[in-house]
Amino acid sequence: MQVAEKKRKLPHLVTALPGPKAKEIVQRDHDVVSPSYTRDYPLVAKTGRGAVVEDVDGNTFLDFAAGIAVVATGHCHPQVVAAIQKQAAELIHMSCTDFYYEGMVELAEKLAAIAPGKSAKRVYFGNSGAEAVEAAMKLARYHTKRDKFIAFHGCFHGRTFGALSLTASKAVQRKHFGSLLAGVFHAPYPNTYRGAYGVRPENASADALAYIENELFKRLCDPSDVAAIFIEPVQGEGGYLPAPAEFLQGLERLCRKHGILLVADEVQSGMGRTGKWWAVDHAGIEPDIICTAKGIASGMPLCAVIAKADVMDWKPGAHASTFGGNPVCIAASLATIAVLEETAIANCAAMGEFISRQTAGWRERHKSVGDIRGKGLMIGIEFVRDQKTKEKAPGIRDHVIESAYKKGLLLLGAGENSLRLAPPLVIDEEQADFAVRTIDECISEAERSL
Ligand SMILES: Cc1ncc(COP(=O)(O)O)c(C=O)c1O
């Protein structure tokens, strides 16, 4: 391989980190940008191509965070860039609230075609994951004329008031924000590493389902009042933790039995990230509503709520957004879907298997690795002080993230003590191998120093 090509695919650091320009921009940022953002390390990005990001000082990094699992086709994929440029020169905005345009119809047709199950579908467009969740909450109430919701411990559904009422991820996300939406109940997530109640991991699915039927429905809320159950089929912010297929199938049965809508929040897990279009495809279920965003348009702000056509029965005026389904975002999404369909989803599944083979012996070699899990390129690594007691080790996780950055690998945490691997779906084996070897080294360093 040519040296120049290698340089473009793998990290190449030319300054100490952060470099001088990055330092200066971070300082300016601290003075003027909202302090509510959580930045783990001082990367100041300038350009991106594929899975490589270059910072303002000319350092290049391998990006295993992908803008929080967003740039599905990589940074600035040529097909996506061309689609954006073409559309921007033709029509930037029109508002689907008032007028029609063909791109929106084409994207709705495409999303309806790739959505799970055989039922006809309708699609609502907005701008962000939280907006998709808000729309799904409103649609569920509108359709069922019921007002209660069930969500799960550890799940993250967004930060607007409705979505935040479902979110049960970190207390800091709720602190000082007062009362949230009434009538939201939380149930244990089927955690197959720790168990639904922190015990009996082998019974996680049965225990989590039993809680809803035997506790929640008997003591707190009659099922006939429940509009919808919201579930992340793979918990994202909570730790990259997949729900078992048997749990999702059981949840679908439970919803059908009680006339409750099943909403899959696939904002993070959808659009091919798990090696199939949707994480629920691994369980063969058909949710009534799917929320998707992040990877849908490779970085342009767009979300979609895909619902069974008979569920999306709200009338004109019930819900809309000025910018939702903007033509440029839609063009980016159509180009993204073409790339996903042609190569990227199959590549994602293959790279996921490659990483899982390369990390197979880690629990034996690293005493701090408690669990490695996931599907496709949605992989979580959970760190513990002791593999037997499973005491959480957030310090090791943080150390790994920090030292990977110093070696040119961009990573993000998830949950209290897990690392997430969420690269663009277009990485190749050399990049996957580099990331695995770097993380391996960083874990050894963290174990020695902490
Ligand atoms: C599963 C899930 N739902 C909703 C959201 C909220 O999306 P956004 O940040 O675009 O509002 C996120 C964001 O991380 C998410 O992971």
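What you see is a predicted model; the values in this text were computed from it and never measured.

Visitor: Honestly, the site of the ligand in this entry has me stumped. Any pointers?
Guide: Within the structure, the ligand sits among 15 residues, and G129, A130, G158, V267 and Q268 are positioned closest to it. Take the shell around the ligand: its biggest share by element is three residues, from helix α6 (residues 129-144). For the shell around the ligand, a count of residues per class yields six nonpolar, six polar and three charged.

Visitor: Teacher, can you tell me more about the domain arrangement of the chain here?
Guide: Here the chain is described as being made up of domain 1 (3-76 + 343-449) and domain 2 (79-340). Inter-centroid distance (C-alpha atoms) of domain 1 to domain 2 is 26 Å. Between domain 1 and domain 2, the residue contacts involve 31 residues of the former and 27 residues of the latter. Only α3 (66-69), α10 (327-358), β13 (369-375), β14 (378-383) and β17 (418-421) provide two or more residues apiece to the side of domain 1 that touches domain 2. Sorting elements by how many residues they give to the side of domain 1 that touches domain 2 places α10 first, with six residues. Here the residues of the side of domain 1 that touches domain 2 sort into 15 nonpolar, ten polar and six charged.

Visitor: Explain the sheet that holds strand β16 (residues 412-414) to me, please; I cannot follow it from the model alone.
Guide: Spatial strand order, β13-β14-β17-β16: four strands in an open sheet with antiparallel pairing. At either margin of the open sheet sits one strand with a lone partner, and together these are β13 and β16. Within this sheet the neighbouring strands show an average axis-to-axis angle of 30°, counted without direction. As judged from the four bridges shared by β14 and β17, these two strands associate in the antiparallel manner. If you follow I379 over to β17, its bridge partner there is L421.

Visitor: Got a minute to help me understand the environment of Q87 in this structure?
Guide: Note that Q87 resides in helix α4 (residues 78-90). Placed 242 residues apart in sequence, Q87 and C329 show a C-alpha to C-alpha distance of 9.1 Å. Among all residues touching Q87, those that are not within four sequence positions of it are P327, V328 and A331.

Visitor: How should I be thinking about the environment of P223 in this particular structure?
Guide: Looking at the secondary structure, you find P223 in the loop between α8 (204-220) and β7 (226-231). Linking P223 and I150, residues 73 residues apart in sequence, is a C-alpha distance of 10 Å. Beyond its immediate stretch of four places on either side in the chain, P223 contacts F217, H258 and I260.

Visitor: I would appreciate a short explanation of the sheet that holds strand β1 (residues 45-49) in the present structure.
Guide: Within a beta sheet, neighbouring strands are joined by backbone hydrogen bonds and run either parallel or antiparallel to one another. Taken in spatial order, the four strands make up an open sheet running β1-β2-β3-β15, and their pairing is mixed. The sheet is open, and its two edges are formed by β1 and β15 (409-410), each paired on a single side. Strand direction decides the pairing type here: β1 and strand β2 (residues 52-55), joined by four bridges, are antiparallel. Across the sheet, T47 pairs through a bridge with E54, a residue of β2.

Basis of the calculations
Residues numbered from 1 in each chain as written. Predicted model: local features only at pLDDT ≥ 70, side-chain atom pairs only at ≥ 80, totals over all residues. Near = placed C-beta within 6 Å. Helix = DSSP H or I, 4+ residues; strand = E, 2+ residues; numbered from the N terminus. Nonpolar A, V, L, I, M, F, W, Y, C, P; charged D, E, K, R; others polar. Domains from an automatic or database assignment. Contact = placed C-beta atoms within 7 Å. Pairing = 2+ DSSP bridges. Axes fitted to C-alpha atoms, helices over the stretch in contact; angles between N-to-C directions.

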